[in-house]
Amino acid sequence: MKQNISTLYIITGGPGAGKTTLLDELNRHELTTVPEEGRKIIKEQIDSGGKGLPWLNKELFAVLMFEESVKTYLKISQMNSTAPVFFDRGILDTLGYMRLENIIIPASMEAKAREMVYHNPIFILPPWKEIYENDPERKQTFEKAVETFECMKEIYREYEYNIIEVPKVSVENRARFILDTIFISG
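A quick note: this is a predicted structure, and the numbers were derived from the prediction, not measured.

A. Local environment of the nonpolar core. Of all hydrophobic cores here, the largest spans 34 residues; its most connected members are F87, I91, L92, L95, M98 and Y118. Take this core: its biggest share by element is 7 residues, from helix α3 (residues 58-77). Y9, L22, F86 and A175 belong to the second-largest nonpolar core, a separate cluster that totals 16 residues.

Printed below as a string of structure tokens:
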């Protein structure tokens, strides 16, 4: 039996908007969370001396991110559970990144993104300058984070997802907002 797609939730937005912190909070509520593929790939590429880094080879980085996102989606979708699963970004985030970086998106990627669906609507975290920080994996400026946020909204809308913007409140209240939304609508 496959995981019901109505339980696969996306949390997206630009970098530094609090997605990972929010996923950690949801995890503290004993909910299943899936970390962002991009950070994992950056760490692996740095550790191995690889070239698939967004500041070295954006196209290779995008391909690695897409492949990992598909693998993770397939793994999670094969779980036999009706419990919610929260993804820190989804497959469409890679296509949004590619668009943002002016990388041609192959038709095969677009088709795969249409096949692998998540719960609709998705949750998006808006840019939040007061909490934005750079780190070894996040080198973008805040302005680039705002641009990424807008691009993610655009790509999810193009794939006919409705978007719920998560308010800029404490992480506990952000988690409560998402859980209340899920349980009220589901």
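Next, the rest of the story.
B. Local environment of the packing of helix α4 (residues 91-100) against helix α5 (residues 107-115). In the contact formed by α4 and α5, the axes pass within 9 Å of each other and the chain directions differ by 150°. The two elements α4 and α5 meet at a crossing, and its hand is left-handed. Counted together, I91, L92, L95 and M98 of α4 and M109, E110 and A113 of α5 form the full contact between these two elements. Of the residues belonging to the contact of α4 with α5, the class tally is 6 nonpolar, no polar and 1 charged.

C. Quick peek at empty space enclosed by the protein. The tally for this structure, following the rule as stated, stands at 1 cavity of 30 Å³ or more. Size it by volume and the largest cavity reaches roughly 110 Å³. Lining the largest cavity are 16 residues, with E37, S69, D88, R89 and G90 sitting closest to its centre. Considering only residue class, the lining of the largest cavity consists of 6 nonpolar, 5 polar and 5 charged.

D. Examining the pattern of salt bridges more closely. Considering all chains together, one arrives at 13 salt bridges under this definition. In this structure, E68 engages K40 in a salt bridge whose closest nitrogen and oxygen atoms are separated by 3.2 Å. Of this pair, E68 sits in helix α3 while K40 sits in helix α2 (residues 37-48), placing them 28 residues apart in sequence. Exposure remark for E68: the relative accessible area of 18% places this residue in the buried category.

Here is what the cut-offs are and how they apply
- Note that residues are indexed from 1 along each chain, following the sequence as it is written.
- Local features in this predicted model are restricted to residues whose pLDDT is 70 or higher, and side-chain atom pairs enter the listing and the counts only when it is 80 or higher, whereas totals over whole chains, interfaces and linings include all residues.
- The side-chain numbers reported here are obtained from all heavy atoms of the structure, hydrogens and water having been left aside.
- Side-chain atoms within 4.5 Å link the members of a nonpolar core, which is a set of buried Ala, Val, Leu, Ile, Met, Phe, Trp, Tyr and Cys residues.
- Relative accessible area decides the class of each residue, using a 1.4 Å probe on protein chains only: under 20% of the type maximum gives buried, over 50% gives exposed, and in between gives partly exposed.
- The helix and strand labels rest on DSSP assignments: H or I over at least four residues marks a helix, E over at least two residues marks a strand, and numbering proceeds from the N terminus.
- Axis lines are fitted to C-alpha atoms, over the contacting stretch for helices. Their N-to-C directions set the angle, which ranges from 0 to 180 degrees.
- In a left-handed crossing the near helix is turned counterclockwise from the far helix by less than a right angle, and in a right-handed crossing that turn is clockwise.
- Any two residues whose heavy atoms approach within 4.5 Å at even a single point are treated as in contact.
- The nonpolar class holds Ala, Val, Leu, Ile, Met, Phe, Trp, Tyr, Cys and Pro. Asp, Glu, Lys and Arg form the charged class, and all remaining residues, Gly among them, are polar.
- Residues are called lining when one of their atoms sits within 4 Å of a cavity or pocket point, these points coming from a 1 Å grid over the protein atoms alone, where a cavity is a set in which a 1.4 Å probe fits but cannot get out and a pocket is an open set with protein on both sides within 12 Å along at least five of seven lines.
- Grid points are joined across faces, edges and corners, and a volume is the space filled by probe spheres set on the points.
- Any carboxyl oxygen of Asp or Glu within 4 Å of a side-chain nitrogen of Lys or Arg constitutes a salt bridge here.

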